Every structure is written in structure tokens, then in C-alpha cells.
2 protein chains.
Amino acid sequence: MSDFKSLDNQQLHQLKDKLLDQYHGFKSRGITLDITRGKPCSEQLDLALEMLGCVNSKEYRTEDGTDGRNYGGLDGIPEAKKLFSRYLEVAPEEIIIGSNSSLNLMHDTFLRAMLKGVSEDSPPWGKLPKIKFLCPSPGYDRHFFICDYLGIEMIPVEINAAGPSMDLIEAMVAEDESIKGIWCVPKYSNPTGAVYSDEVVDRLASMHVKASDFRIFWDNAYAVHHLADKPARLKNILSACKKAGNPERVFIFGSTSKITFAGGGLAMMAGSAKNMARVKKQITFQTIGPDKLNQLRHVKFFKNIKGIEDHMNKHTAILKPKFDAVQRVLEKELSGKNIAQWSHPAGGYFVSIDTMQGCAAAVVRLAAEAGVKLTPAGSTYPYMQDPLDRNIRIAPSFPPLEDVRSAMQLVCICIQLASIDKLTRD
Amino acid sequence: MSDFKSLDNQQLHQLKDKLLDQYHGFKSRGITLDITRGKPCSEQLDLALEMLGCVNSKEYRTEDGTDGRNYGGLDGIPEAKKLFSRYLEVAPEEIIIGSNSSLNLMHDTFLRAMLKGVSEDSPPWGKLPKIKFLCPSPGYDRHFFICDYLGIEMIPVEINAAGPSMDLIEAMVAEDESIKGIWCVPKYSNPTGAVYSDEVVDRLASMHVKASDFRIFWDNAYAVHHLADKPARLKNILSACKKAGNPERVFIFGSTSKITFAGGGLAMMAGSAKNMARVKKQITFQTIGPDKLNQLRHVKFFKNIKGIEDHMNKHTAILKPKFDAVQRVLEKELSGKNIAQWSHPAGGYFVSIDTMQGCAAAVVRLAAEAGVKLTPAGSTYPYMQDPLDRNIRIAPSFPPLEDVRSAMQLVCICIQLASIDKLTRD
């Protein structure tokens, strides 16, 4: 297809008329589709149904004989710590298994940092006049919401396929003591699918930071959520931090929300034994302990790390056709037109599209008016402000394949219409 | 039996020799007993085993059709809100169903208060030079730990069978703006078994407070945990607050930890619709939502409030003999000796013993040396400091009946020994 930027105004108007016909045709079908959220679909959730029976009137004791129905235990049952420490590639004493939401663990880690600091010898962040956080963007809105809620200034940092721009980061953290940390989704990043390169991991772990209480919030949400035949490999950040002499620099998070049940899964956090010992001491004040029965359910269902991997292959089989469909429609409708670029994720839950500058909000609005709900424009940036108004996040996991195709057809029509509007306006 | 205080030194020494024989006899049996914690026993936990099957490969949808396995919902599934709003005697819009730990909800409410204040128009408690909390004592150690952790000064307030001393409380809160709240376990209080009278509830709800952001933390942990045939009735604090024109004054907490599974239950908080709306807004930043499947399990198991009440009658049948045994041993061994008083709880999980001043720590130590572990002396007071060193908390729920009897026999021997030591020393 022709590069839109090589077309003259007349050609663009002709094209627009054709696209408007298609747009109104779609709209008249009265379809309502929602590709806003990275939710597993029913077929994925069905894969773990058997887990519900793994704890029952006979099976409720942990391997050390503890009654999973009673009080006791703060940081997870031993077999869950064993299994998920392998999952996060840390030692069992470096992990805490919490409740059902890793966002909860991240939020609580921030609140503790605000009130108590991140170590015994560093000040509560809330006592400092100003603190800032680095936010590789586009990124995950719920991360940014936590910072906004707590009055933490967010600094967007560009991210590419190998991770955030390290030159920029290193320059900033070496100078500014008020920069206390960075949000990272290091594998199959939300929404771009970026996988942090070994170099990025090493540089994050070893860079000189002015703030001795600088922390990496490493949200490894998609550790085993592959779409490609050959899973991407992520360098172990905790090992890298230890090797660089900064063992306390990283807090790692993960969950089974997109492995077993979203909301009925397990969340976990990991870090140096010293960091985890301090967190354990602090959560003594917070909770009587996690739901051990749900931990037991998970371990009995998966048995070992191979069990998780095999299970995730079944997820891949369900998700891959949907992600392939997104790529095929984008390729067919937009390639060669020089109006959009998009990610080709090898895992995770999203496809990220960058339109021409100033077009994303228009695309989202046009799509909504025709019945297709997209993640609000700007959501993937701090303060919900996409400075170039160009990023669109596509979440194809939940709807049926046919709906994904239809929705993407419309999205492509809307991207073209918004681009033509921009080109004829400029 | 004789009043110890009427005995002369020689008589006391003779008695001591006899008691020491019994003490060493007990010790030589090499028994190890633990009556430290209010844990349900296995038989109680067995009562809810059937619940584990209530969510299964066919049953995972809420009554409005929501897939309980997926994301969605922040404040509880509708049927859980309906059931447990009846349990806490509030409206469905006045309740939030959380995860598994009410301590967690209380802790988080404190952390939010520290960072964000308890209302839109009041300052973060953490920004104030000093804040204080009223702590009816003896009380629950985990409440006091939260205050201590956050640097909140605790003011112990005497508690009697009808609740805390209201004259004292009213005088303090009317004058001191730094007093921001009070901890209450209003029904079958931990450890004294106190049930707040209607008058106490009304006075708490209506008293004039200098701090407009004063909050009652109403931990109704034992709402249906009766031991007597006729359950005690607790006046509705939220209604009383509304009637007094202070609808935002109270945060109510509860859980099913001692109804279904300790650690695998549901926790909930309640309060005015305005308070709950603000909390809901704040937990948007904290979590992707509670474990809906466990909520569904509970509702399917109990069906309605009658289901909970019937279930609790089965608990009573298991617990009452243990509590009766405690009373019988105390009565037989200590009555008339004028060295101890104890509670006669009509519900809850504890018996509270007040020894002579300065004896509790000695009793706990003596018992430990003979193999019976008691809650550490002082635990029931702020800062772990029992000013009169006399309160001992007995938790008879977990051990088998015979062990409860044995443990109490030893406790009575130790109380007598410590009393004689004190009387012969003074």
C-alpha cells in the first residue's frame, strides 16, 4: 500500500471517503467489543479448574504437617516458597508468598517505604521534601497510579525493545538524590513486550546511584507467559545486584494471576535475605498470615516448575492465535502506509501501537463510537499523559478470536482515518 | 479454702511446700502444653471442611454471573456483601469484603490514616507532631503492636465487664486533640470477655471529641462466638454514631477466621457509606481485588445468616466444655483464697485472670518451667507493660479438653506459689 505521506490531499480525501464507508458499515452492525484489559479468557481459566479440588476434606496439611486451615506462618508455606522461589529464580529465604495480588505487595512496599524507609538506616520517603520515580513508558498504569496517589513525582523514560534508555537513567540517578527508584516490567513488558537485555539488567544493578536507598521495583508479571516457541530469557536481577555489590537494590514481584486464576492466584515478592527479613518483620504488624490453603492448592496442582511450564504451554496455545490475528490485521491494513508502528511481542498480554503523533486519542474515540472499547489514550504514561499522543494498547487475550479480528479491523480503519485527518489538517 | 492473706508466714511456708510437691510432680511428667493463642482446634476447623467443595469445576460464578476466577470487583462479590452486611449489621453499601485477615484491614486503615488522613478534610496523622490512641486494657496485643510500630502513643484505659471507663475517656478526648482514636473489641473482648453496654456504645458514639478526625476502631472479632445459651447483644455502633450525628466516627472490622478457617477465611470492614467510598477509592491503588472464589465458597457454604448462627452453635458445643473446665479448676483451686480474680466469659476465646499485683510474670515463668506455655506476661497491655504485673490470658480453645484441665491445674499451682512468695516477701 501507498505511504500516506506521499499522497496528496485529494487522494487522502478519496481514501477517507472509502474508509468512512467501512467505518459506518462496522458501526451499523452494532457490535460491542472490549479489548481494554489484560484479562485471561474463560478457556485459559478452565485450564486450572482442577486446582479447585486439590485442597479438600482430606487434603489440607502442608508437607511439614502444618494444618493449613489454622493460624500460623507469615511468609508462605514451605512447599510454596520452594516452588515459587524457583519460579522467580531466587532462594527460598529470599521470597515471601503473600495473598492474591502482587499489586498489593507493591503498593504495601511503597507505603512502608513512605512511613519507614526501605532500610533501617534510611529515612522514610514520606519525610523527604520531594521524591521521584523513574517510569519507563509506555508502561503499566497501575504502577503509575501508586506514585501519583502518594505524591511521588514521575519521570517518564523512553523504553525500546531491549529495555529503558540506560544512558539517560544513569545520568539522572547519579546526580539526583531524590530519585528513589524505578518501575520495571522486565519481561514481555506491559505494553510494548520489551524484554530487558542482559546489558540493561547489569547496568540497572550496577549503576552508581546518588540515593543510597534507591530501589528497583521489578514486576516480573510475565515470567513464563510466552507466545513464541522459544521463550525469552531474562537475566537474574538479584544475582546481578549481588554481583555488583548492591544486593538490597531490588524488590522482585510476581503472581499467578495469569497462570491460575486472576484474583484467586498467589502473589509473591522476593529480594535479598536482608530485605526480606525486614519485610517479614514489618508484615508481622500487618497480617495474621496469608491464605495457606490457596498456596497448598497451587503447589498440589503444579507439583513443580515443570508443572507450571507445561501449564503455560496450554495458555500459549489459546493466546497465540489471538496475538497472531492482531499481527495479521495490522500487517494487512497498515503496513507500508507509514502511519503506525507496532510491537511483535514474544510474550505477555499486550500489543503496543504507536500512531502518528497526536492521533491516539482520536483513534480511541473513533473506535469507541463504533463499539470497540480500547484502553483510554494516555493510560500507559505517567499522569495519563502521553506526551506525543500516539500510544495505543491492545489487549487481545479475553475476547474470542473472531472478535479480536473484528476489533482490529476497526482499529486499523480508525488509525487510518485519524492519520488522514492529521495529514490533511497539518 | 482459707484466705491466703489471713495465713501467717509459717502456714504459708507449709502450704508452699505442699504446692512445690505438686509443682515438681507435674514437672516430672514432662508434659508440654501451649495455651497461648486463641486458635481454633481441629474439630472446629473440621466443621467447615465441606466449604472446600463449594467452589469447584462447575461452581465458580457469582449470582450476577461474574466469573469468580477472573479479574473484576474491588469491594466484594454482591452475595458476600449481602450476607456479611447482615453479619456486621450494616447496609451492603457500608461494607467491604477484603482478603483473609481483618488485622490486615486495620493495619492498612492505619497506614492510610498516617499518609492520607481519615477524611478528605483532615490531615495525614503522620504529618502531626504527635498522635495518641486510647487502648482499653487488658486488650489485644496485635492492636497495640500496630500503634507501637507507627510511633503512636498509647494511653491504657481500664476496662470492666461493661466496657472501658467512659468518664475517663470522655474527659481525655474532649481536651486533647492529639487523641485520634480508640481500639475496641466490643463483644467478648480479648481477653476479659467484656461486652460493651448500650450506654458505653452510646457514649462512644456521641461523646464530644476535640479531634474532628477521631476514629473508633471497632474490632468486632467475636460477633457470633457465643459460649452461653443466650447470646449477648451488642448495640449497633454505626447506628449509634449516625444517630449522634457522627456517622464517620467508626470503622468496624470482622472476619470469619474463627468461623471457617483461621487464615483461610474472609475479612471485612464497614462504616458509613462515605467512609467506605473513600476506602474503596484508596484500595483501587492497592489491589486488583479480593479473592472472589473464597468469598463464593463462604456464601455457598453458609447460604444466609441463619447458616452462620447454626454453624456457630457447633463451635460452642466444642468450646464450652473447655471453658467450663477452666472455670471449674479456677473455682476449685483458687476460690476463697483472695489471690486472684478471673473472668467468666459468655463468648470469645479467652479467660482473663488477675493475680495479686506483681505476680503475673512469675506465674508465667513458673508455668513455662514446668512445661505449660502461657501468653507472655504484659502482652495484654500497651508496650507489653502490665503496670500492675497481674494479668494472665488463658486461651483454652486449641488443646484437647484433658490438656486444658492439666494446664489449668498447673496454672493454679503457679498462681498460689507466686502469691505465697509475694506475701512472705512483703
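Above this text you will find the structure in question.
Given the structure is predicted, the values throughout are model-derived calculations rather than measurements.

Calculation rules
- Throughout, a residue's number is its position along its own chain's written sequence, starting from 1.
- In the order they appear in the text, chains get letters beginning with A and ligands get numbers beginning with 1.
- Where local features are concerned, this predicted model is filtered to residues with pLDDT of at least 70; where side-chain atom pairs are given and counted, the filter is 80 or more; whole-chain, interface and lining totals use all residues.
- Side-chain measures were taken over the full set of non-hydrogen atoms in the model, leaving aside hydrogen atoms and water.
- Labels follow the DSSP assignment, with helices taken as runs of H or I lasting at least four residues and strands as runs of E lasting at least two, numbered in each case from the N terminus.
- Only C-alpha atoms enter the radius of gyration, while the globule expectation follows 2.2 Å times N to the 0.38, with N the number of residues.
- Whether two residues are in contact is decided by their heavy atoms: any pair within 4.5 Å suffices.
- His residues and chain termini do not enter the charge count, which takes Lys and Arg as positive and Asp and Glu as negative.
- In plain terms, the charge of a residue is placed at NZ if it is Lys, CZ if Arg, CG if Asp and CD if Glu.
- Accessible-area loss on putting two parts together, using a 1.4 Å probe and summing over both, is the definition of buried area adopted here.
- Within this document, salt bridges are pairs made up of a side-chain nitrogen of Lys or Arg and a carboxyl oxygen of Asp or Glu, the two lying within 4 Å of each other.
- Contacts described as polar in this section are N or O atom pairs within 3.5 Å, which, within protein, must combine one atom able to donate a hydrogen with one able to accept it, while residues neighboring in sequence count only if both atoms come from side chains.
- Any two strands with at least two DSSP bridges between them are considered paired.
- All axes are obtained by fitting lines to C-alpha atoms, using only the stretch in contact for helices, and the reported angles, taken between N-to-C directions, cover 0 to 180 degrees.
- The cut-offs for exposure are 20% and 50% of the maximum accessible area for each residue type, with area from a 1.4 Å probe on protein chains only; residues under the lower value are buried, those over the upper are exposed, and the others partly exposed.
- Least squares is used to superpose the copies, and the fit set is the C-alpha atoms of residues whose pLDDT is at least 70 in both copies.
- Joining through side-chain atoms within 4.5 Å is the link that ties buried Ala, Val, Leu, Ile, Met, Phe, Trp, Tyr and Cys residues into a set, and such a set is a nonpolar core.
- Starting at the helix axis, one direction is taken to each C-beta atom, and the arc is that of these directions.
- Stacked, tilted and edge-to-face are the three classes applied to pairs of Phe, Tyr and Trp rings, where Trp contributes its six-membered ring and a pair requires centres within 6.5 Å; stacked means planes under 30 degrees apart, edge-to-face means over 60, and tilted covers the rest.
- In these notes the angle categories are as follows: under 35 degrees is roughly parallel, over 145 is roughly antiparallel, 65 to 115 is roughly perpendicular, and the rest is oblique.
- The hand of a helix crossing depends on one turn: near helix anticlockwise from the far one by less than a right angle means left-handed, and clockwise means right-handed.
- For this classification, the nonpolar set comprises Ala, Val, Leu, Ile, Met, Phe, Trp, Tyr, Cys and Pro, the charged set comprises Asp, Glu, Lys and Arg, and every other residue, Gly included, is treated as polar.
- Every crossover in which the path from the first strand over the helix to the second runs clockwise, viewed with the strands pointing away from the viewer, is termed right-handed.
- We call a pair of cysteine sulfur atoms a disulfide when they lie within 2.5 Å.

1. Considerations on the overall build of chain A
Here is step 1: In terms of helices and strands, chain A carries 13 helices and 13 strands.
Here is step 2: What you see for chain A is a C-alpha radius of gyration of 23 Å, in line with the 22 Å of a compact globule of 426 residues.
Here is step 3: Partitioning the contacts of chain A with sequence separation of at least 6, the portion at a separation of at least 24 is 76%.
Here is step 4: Each charge class in chain A was averaged separately, 53 positive and 50 negative side chains, and the resulting centres sit 4 Å apart.

2. Structural notes on the interface of chain B and chain A
Here is step 1: Taken together, the contacts link 56 residues of chain B with 57 residues of chain A.
Here is step 2: Considering only the side of chain B, the residues that lose the most area to chain A are Arg69, Tyr71 and Tyr149 of chain B, jointly responsible for 17% of the buried surface there.
Here is step 3: Inspection of the region where chain B meets chain A yields two salt bridges.
Here is step 4: Salt-bridge contacts for Arg69 of chain A lead to Asp46 of chain B; the nearest nitrogen and oxygen are separated by 2.6 Å.
Here is step 5: Counting every contact that joins chain B to chain A gives 24 residue pairs in polar contact (both at pLDDT 80 or more).

3. Digging into the sheet that holds strand S11 (residues 351-355) of chain A
All names here are of chain A.
Here is step 1: If you trace the three strands from one edge of the open sheet to the other, you get S10-S11-S13, paired in antiparallel fashion. The open sheet terminates on both sides in strands that have one partner only, identified here as strand S10 (340-342) and strand S13 (391-394). Averaged over all adjacent pairs, the angle separating strand axes in this sheet is 20°, with direction ignored.
Here is step 2: Sheet topology note: the S11/S13 ladder contains four bridges and is antiparallel. Looking at S13, one finds that Asp354 is bridged to Asn391.
Here is step 3: Its contacts with the sheet place helix H13 (residues 401-425) against S10, S11 and S13, and it is angled at close to 20° to S11.

4. Quick look at the sheet that holds strand S4 (residues 153-160) of chain A
All names here are of chain A.
Here is step 1: Reading across the sheet, the eight strands line up as S2-S9-S8-S7-S6-S3-S4-S5 and stay open at both edges, with mixed pairing between neighbours. Edge positions in the sheet fall to strand S2 (95-97) and strand S5 (163-164), since each has one partner strand and no second.
Here is step 2: Judged from the four bridges that link them, strand S6 (residues 179-184) and strand S7 (residues 215-219) form a sheet pairing that is parallel. Note that in S7 the partner of Cys184 across the bridge is Trp218.

5. Here we look at the pairing of strand S11 (residues 351-355) of chain B
Residues and elements named next belong to chain B.
Here is step 1: Burial analysis of S11 places four of its five residues in the buried class, the great majority of the element.
Here is step 2: Where strand S10 (residues 340-342) meets S11, three bridges bridge the pair, whose relative direction is antiparallel. Within S11, the residue paired with Gln341 across the bridge is Asp354.

6. Considerations on the relation of the copies chain B and chain A
Here is step 1: Screw-axis analysis of chain B against chain A gives a translation of 0.0 Å along the axis, an RMSD of 0.0 Å, and a rotation angle of 180°. Within this description, the copies of the chain are treated as partners about a two-fold rotation axis.
Here is step 2: Residue by residue, 100% of the interface of chain B is reproduced at the interface of chain A, so both copies engage with the same surface.

7. Digging into the nonpolar core
Here is step 1: Core analysis: the largest hydrophobic core is formed by 122 residues, its most contacted members being Trp218 of chain A together with Trp218 of chain B.
Here is step 2: Excluding its chain neighbours within four sequence positions, the residues that come into contact with Trp218 of chain B are Cys184, Pro186, Tyr196, Val201, Leu204, Leu234, Ile237, Val250, Phe251, Ile252 and Phe253 of chain B.
Here is step 3: Membership of the second largest hydrophobic core comes to 66 residues, among which are Ile152 and Met276 of chain A together with Leu111 and Cys135 of chain B.

8. Examining helix H7 (residues 198-206) of chain B
All names here are of chain B.
Here is step 1: Considered for burial, the residues of H7 that qualify are Val200, Val201, Leu204 and Ala205. Along the long axis of H7, the arc covered by the buried residues comes to 130°, so they all point the same way.
Here is step 2: Next to the buried residues of H7 lie strand S5 (163-164), helix H6 (166-175), strand S6 (179-184), strand S7 (215-219) and helix H8 (237-243).

9. Details of the side chain of His311 of chain A
Here is step 1: Within the fold, His311 of chain A resides in helix H11 (residues 305-334).
Here is step 2: When sequence neighbours within four positions are dropped, the list of residues in contact with His311 of chain A reads Leu47, Ala48, Ile259, Phe301 and Phe302 of chain A.

10. Things to note about the packing of aromatic side chains
Here is step 1: Applying the stated criterion across every chain yields a total of 30 aromatic pairs over all chains.
Here is step 2: Centroid distance Phe133 of chain A to Trp183 of chain A: 6.2 Å. Interplanar angle 55°. Geometry classified as tilted. Here Trp183 of chain A lies in strand S6 and Phe133 of chain A lies in strand S3 (residues 132-137), a separation of 50 residues in the sequence.
Here is step 3: Judged by relative accessible area, Phe133 of chain A falls into the buried class, the value being 0%.
Here is step 4: Owing to a relative accessible area of 2%, Trp183 of chain A belongs among the buried residues under this scheme.
Here is step 5: Arranged with centres 5.6 Å apart and planes meeting at 90°, the rings of Tyr196 of chain B and Trp218 of chain B form a pair that is edge-to-face. Placement of Tyr196 of chain B in the loop between S6 and H7 and of Trp218 of chain B in strand S7 is noted, with a sequence separation of 22 residues between them. The burial state of Tyr196 of chain B is the same as that of Trp218 of chain B; both residues are buried.

11. Here's the deal with the pattern of salt bridges
When the charged atoms of two side chains with opposite charge come close together, those side chains can pair.
Here is step 1: Within the structure shown, the criterion is met by 44 salt bridges over all chains.
Here is step 2: In this structure, Glu120 of chain B engages Arg278 of chain B in a salt bridge whose closest nitrogen and oxygen atoms are separated by 2.6 Å. You can see Glu120 of chain B sitting in the loop between helix H4 (102-116) and strand S3 (132-137) and its partner Arg278 of chain B sitting in helix H9 (residues 273-283), a full 158 residues away along the chain.
Here is step 3: The class for Glu120 of chain B is exposed, based on a relative accessible area of 64%.
Here is step 4: Counted as one network, the salt bridges with shared partners bring together Asp167, Glu170, Glu199 and Arg203 of chain A.

12. Examining the packing of helix H3 (residues 78-87) of chain A against helix H10 (residues 292-302) of chain A
All names here are of chain A.
Here is step 1: It is at 9 Å that the axes of H3 and H10 come closest, and there the two elements cross at 55°. By the angle class used here, H3 and H10 are oblique. Where H3 crosses over H10, the two elements pack in a sense that is left-handed. In contact with Glu79, Ala80, Leu83 and Phe84 of H3, H10 contributes Gln295, Leu296, His298, Val299 and Phe302.
Here is step 2: Its residues placed into classes, the contact of H3 with H10 shows six nonpolar, two polar and one charged.

13. Some remarks on unusual backbone geometry
Here is step 1: The amide bond that connects Asn190 of chain A to the next residue, Pro191 of chain A, takes the cis arrangement and shows omega of 5°.
Here is step 2: If you trace the backbone, Pro191 of chain A turns up in the loop between S6 and helix H7 (198-206).

14. Overview of the environment of Ile339 of chain B
Here is step 1: Inspection of the secondary structure assignment puts Ile339 of chain B in the loop between helix H11 (305-334) and S10.
Here is step 2: Sequence separation of Ile339 of chain B and Gln357 of chain B is 18 residues, and the distance between their C-alpha atoms is 9.3 Å.

15. Structural notes on the pairing of S6 of chain A
All names here are of chain A.
Here is step 1: Counted residue by residue, S6 has six buried out of six residues, so it is predominantly covered.
Here is step 2: Bridging between S3 and S6 involves three bridges; their strand directions are parallel. Each bridged residue has a counterpart across the sheet, and for Lys132 the counterpart in S6 is Ile179.
Here is step 3: As for the winding sense of the linkage, the β-α-β connection from S6 through H7 to S7 is right-handed.

16. Examining the state of the cysteines
Here is step 1: In this structure the tally under the stated criterion is zero disulfides over all chains.
Here is step 2: There is no disulfide at Cys184 of chain A, and the cysteine sulfur nearest it, in Cys135 of chain A, is 9.8 Å away.
Here is step 3: Cys147 of chain B supplies the cysteine sulfur nearest to Cys135 of chain B, a cysteine that is in no disulfide, at a spacing of 5.0 Å.

17. Details of the environment of Cys241 of chain A
Here is step 1: Following the sequence through the fold, Cys241 of chain A ends up in helix H8 (residues 237-243).
Here is step 2: If sequence neighbours within four positions are ignored, Cys241 of chain A has contacts with Ala205, Asn246, Pro247, Arg249 and Val250 of chain A.

18. Brief notes about the environment of Gln327 of chain B
All names here are of chain B.
Here is step 1: Among the secondary structure elements, Gln327 is positioned in helix H11.
Here is step 2: Spatially, the C-alpha atom of Gln327 lies 37 Å from that of Arg297, the residues being 30 residues apart in sequence.
Here is step 3: Ignoring anything within four residues of it in the chain, the contact list for Gln327 reads Trp342, Ser343, His344, Pro345 and Val351.
Here is step 4: Within polar-contact distance, the side chain of Gln327 engages the side chain of His344 at 3.5 Å.

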